[in-house]
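Below are the chains, spelled out letter by letter.
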Amino acid sequence: MSPQFVDFDADGKLDIVAGIFDGSPHLSRGSKQGWQKPEQILGRDGKRIVVNNFWNFDTKKWDSTHAYDAPGHEGEAHATSTLAFDMDGDGDLDLLLGDHKSGRVFWRRNDGSPGKPAFDLVNQPVTAAGAPIDVPGTVATMRLVDWNGDGKQDLACGSMGGPFGDGDGGGVWVWPNVGDGKAAAWGAPIELLARSKQDHVGDAPARPDAGLYMDFGDVDGDGDLDMLVGAYSHWQEAPKPLDAAQQARVAALQAAQKDCDARFQQVLKEVNAGLGDAVGEARDTLYTERYQARQADFEAIRKDRSAAVKELATLVPPRQRQSFVWLYENLAAKKAAAPAK
Amino acid sequence: MRVLVLPVVFCAAATAAAQSPQFAPPVRLKAGETFLGEKRLYPSPVLHDLDGDGRVDVVVGDLPGVLTMAPRGNAAADAPVYGAETKVLAADGKPLDFDNW
């Protein structure tokens, strides 16, 4: 989730709007007593707002719908980020929805009025320079920021990237608002932070690598916009020199890990092989029974693998993964104030 | 392959300064004695004066839907110092929870 403080219901008090992993935007209303219990933001049909994929609270399973697709924009989007913003300049807050499974951003037009929203039932793709926005590395979060200082809110997006250090990581871009000052229109993106290569070797993390959630503000009071980024960092401590015996042991431990993974897959295959033609709840029940019957096997594999991983870490530093919030200090003001050479 | 079209021409130096990122190497923020957002699932910070003291705090959301606040401990014109994170409370006095799926 990425919270947005905004007066969503136009009562003069700030509320919190947030998209969460269930696939829908939520609202905690601000009141004299404090923040109210979060509620789903509904469309004008009285149903929760989703793009495609969502957690179905009735069936307690992941579900999907295409009821709200714009023609030509059918997909399997999973909206986990939300931004309330007056896209069309009609004086009320529309909703932007970011897809964490792709780089797409959609919006729901508000046909109501401030305080009485009536969100349209079509997820329109948000376009920039004539094409749908496609955030490299899929959408983690969206923020509004007047990055270029022209008085209009620009759209910033942070991206996910490979969440476990796999492949390229995330980055940050801003799409400048090139609209007429009322309705927003987005120009070509400016790269604020390039995607991470997730290949840092060192004793400490070097940057936010995956799942980049950013916000902007003048944190150091020098008159320009700094950037905060919450994310996972991935790094690898420099390997130690190993003698021949240690190298052989590393190879053996790595082989033991692979063997554990193969054993796990084999047991899982045997669990699934006994399901026959069972479907629905009967299949789920049978699967649970068969899975639980093999608990001793799973536990033995887990113990073996855990021991191998633990010993391997004494010889080869394991890859590190930890979440932090980073500050990127903007040097623009300092550079502008520096005496000319 | 996704390709970004980046602007190559800026009309004025002032515009270029506003648009081109010129960031110092990133540093991890601390909240009290610990790193802000450490061990949180997908921490998402937002700058907001939550306690109304005129200084901008950092509110951090996460995947499970929990919100915390690290209060800004010093003046806006200095390198930021933040106090230890505490959970943001709802009107009922319990932690505000954007209860996840």
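Residues numbered from 1 in each chain as written. Chains lettered and ligands numbered in written order. Predicted model: local features only at pLDDT ≥ 70, side-chain atom pairs only at ≥ 80, totals over all residues. Heavy atoms only, no water.

Residues and elements named next belong to chain A. Residue position: K152 is located in the loop between β15 (139-145) and β16 (154-159). For the pair K152 and F216, spaced 64 residues apart in sequence, the C-alpha separation works out to 15 Å. Setting aside its immediate chain neighbours within four residues, K152 contacts V145, D146, N177, V178, G179 and G181. Here N177 takes part through its backbone oxygen, which lies 3.3 Å from a polar atom of the side chain of K152. (Helix = DSSP H or I, 4+ residues; strand = E, 2+ residues; numbered from the N terminus. Contact = heavy atoms within 4.5 Å. Polar contact = N/O pair within 3.5 Å; in protein donor to acceptor, adjacent residues only side chain to side chain.)

All names here are of chain A. Enumeration over the complete set of coordinates arrives at 21 salt bridges over all chains. D150 is the salt-bridge partner of K152, the closest N and O atoms lying 3.9 Å from each other. Note on D150: relative accessible area 36%, which makes it partly exposed. One salt bridge connects R249 with E311, and the closest N-O pair in it is separated by 2.8 Å. Taken together, the residues span a long stretch of sequence, with R249 in helix α1 (residues 244-273) and E311 in helix α3 (residues 295-315) at a distance of 62 residues. Judged by its relative accessible area of 37%, R249 falls in the partly exposed class. Under the relative-accessibility criterion, E311 is labelled partly exposed at 30%. Taken together, the shared-partner salt bridges connect R44, R109, D111 and D120 into one network. (Salt bridge = Lys/Arg side-chain N within 4 Å of Asp/Glu carboxyl O. Buried < 20%, exposed > 50% of the residue type's maximum accessible area, 1.4 Å probe, protein only.)

Here we come to the sheet that holds strand β7 (residues 86-87) of chain B. Residues and elements named next belong to chain B. Pairing is antiparallel across the open sheet formed by 4 strands, whose spatial order is β4-β5-β6-β7. Of all the strands in the sheet, just β4 (44-48) and β7 have a single pairing partner and so form its edges. Pairing of strand β6 (residues 67-70) with β7, which is carried by 2 bridges, proceeds in the antiparallel orientation. Note on β7: the bridge partner recorded for M69 is T86. (Pairing = 2+ DSSP bridges.)

Further remarks concern the confidence of the model for chain B. Residue and element names in this part refer to chain B. Residues with a pLDDT of 70 or more make up 78% of chain B, whose mean pLDDT is 83. Confidence over residues 1-18 falls short of pLDDT 50; this stretch has 23 contacts with residues more than four positions distant or in other chains. Here the predicted complex carries an ipTM of 0.86, next to a pTM of 0.86. (pLDDT = per-residue confidence, 0-100.)

With that settled, consider the sheet that holds strand β17 (residues 172-175) of chain A. All names here are of chain A. What the 4 strands build is an open sheet, ordered β15-β16-β17-β18; its pairing is antiparallel. The sheet is open, and its two edges are formed by β15 and β18 (190-193), each paired on a single side. Neighbour-to-neighbour, the strand axes of this sheet turn through a mean angle of 25°, independent of strand direction. Judged from the 6 bridges that link them, β15 and β16 form a sheet pairing that is antiparallel. Paired with V145 across the two strands is D154, which belongs to β16. (Axes fitted to C-alpha atoms, helices over the stretch in contact; angles between N-to-C directions.)

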